[in-house]
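What the coordinates show
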Amino acid sequence: MKLVKVYVTLKDSVLDAQGEAIKSAIHSMGYNKVENVGMGKYFELRFADDYSDFEKDVDAICDDLLANPNIETYRYEIMEAE
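Summary of the structure given here. The model shown is predicted, which means the values in this text are computed figures rather than measured ones.

Notes on the sheet that holds strand β1 (residues 2–10)
Across the sheet, which stays open at both edges, the three strands sit in the order β2-β1-β3 with antiparallel pairing between neighbours. The strands lining the two open edges of the sheet, one partner per strand, are β2 (40–47) and β3 (72–80). Adjacent strand axes in the sheet meet at a mean angle of 20°, parallel and antiparallel pairs treated alike. By the bridge criterion, eight bridges tie β1 to β2 in an arrangement that is antiparallel. Note that in β2 the partner of V4 across the bridge is L45. Across the face of the sheet, helix α2 (residues 54–66) comes into contact with β1, β2 and β3 while running at roughly 150° to β3.

Encoded structure:
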């Protein structure tokens, strides 16, 4: 079985208000060396071993559902599921 780990984050040009709020809270805890915090989403997709076109499907799923292409970008890792 193929395991695809998908990471969705905001594009660099988009203000990450949640990330800024978290960074502010971290600084208030005394961790002032933290320079940036980015919020994102994480998904796991599993595909059957005998399916060879899964990368095309991953891109379509990300583009059409998991990420908003106007403000978000995604990347993924492919590995064998345990």
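Here's the deal with the pattern of salt bridges
Counted according to the given criterion, the structure contains five salt bridges. One salt bridge connects K41 with E72, and the closest N-O pair in it is separated by 3.3 Å. Of this pair, K41 sits in strand β2 while E72 sits in strand β3; the two residues are 31 residues apart in sequence, bridging distant segments of the chain. For K41, a relative accessible area of 35% puts it in the partly exposed group. Judged by its relative accessible area of 13%, E72 falls in the buried class. R46 serves as the salt-bridge partner of E44, at 3.3 Å between the closest nitrogen and oxygen.

Cut-offs applied
Residues numbered from 1 in each chain as written. Predicted model: local features only at pLDDT ≥ 70, side-chain atom pairs only at ≥ 80, totals over all residues. Heavy atoms only, no water. Pairing = 2+ DSSP bridges. Helix = DSSP H or I, 4+ residues; strand = E, 2+ residues; numbered from the N terminus. Axes fitted to C-alpha atoms, helices over the stretch in contact; angles between N-to-C directions. Contact = heavy atoms within 4.5 Å. Salt bridge = Lys/Arg side-chain N within 4 Å of Asp/Glu carboxyl O. Buried < 20%, exposed > 50% of the residue type's maximum accessible area, 1.4 Å probe, protein only.

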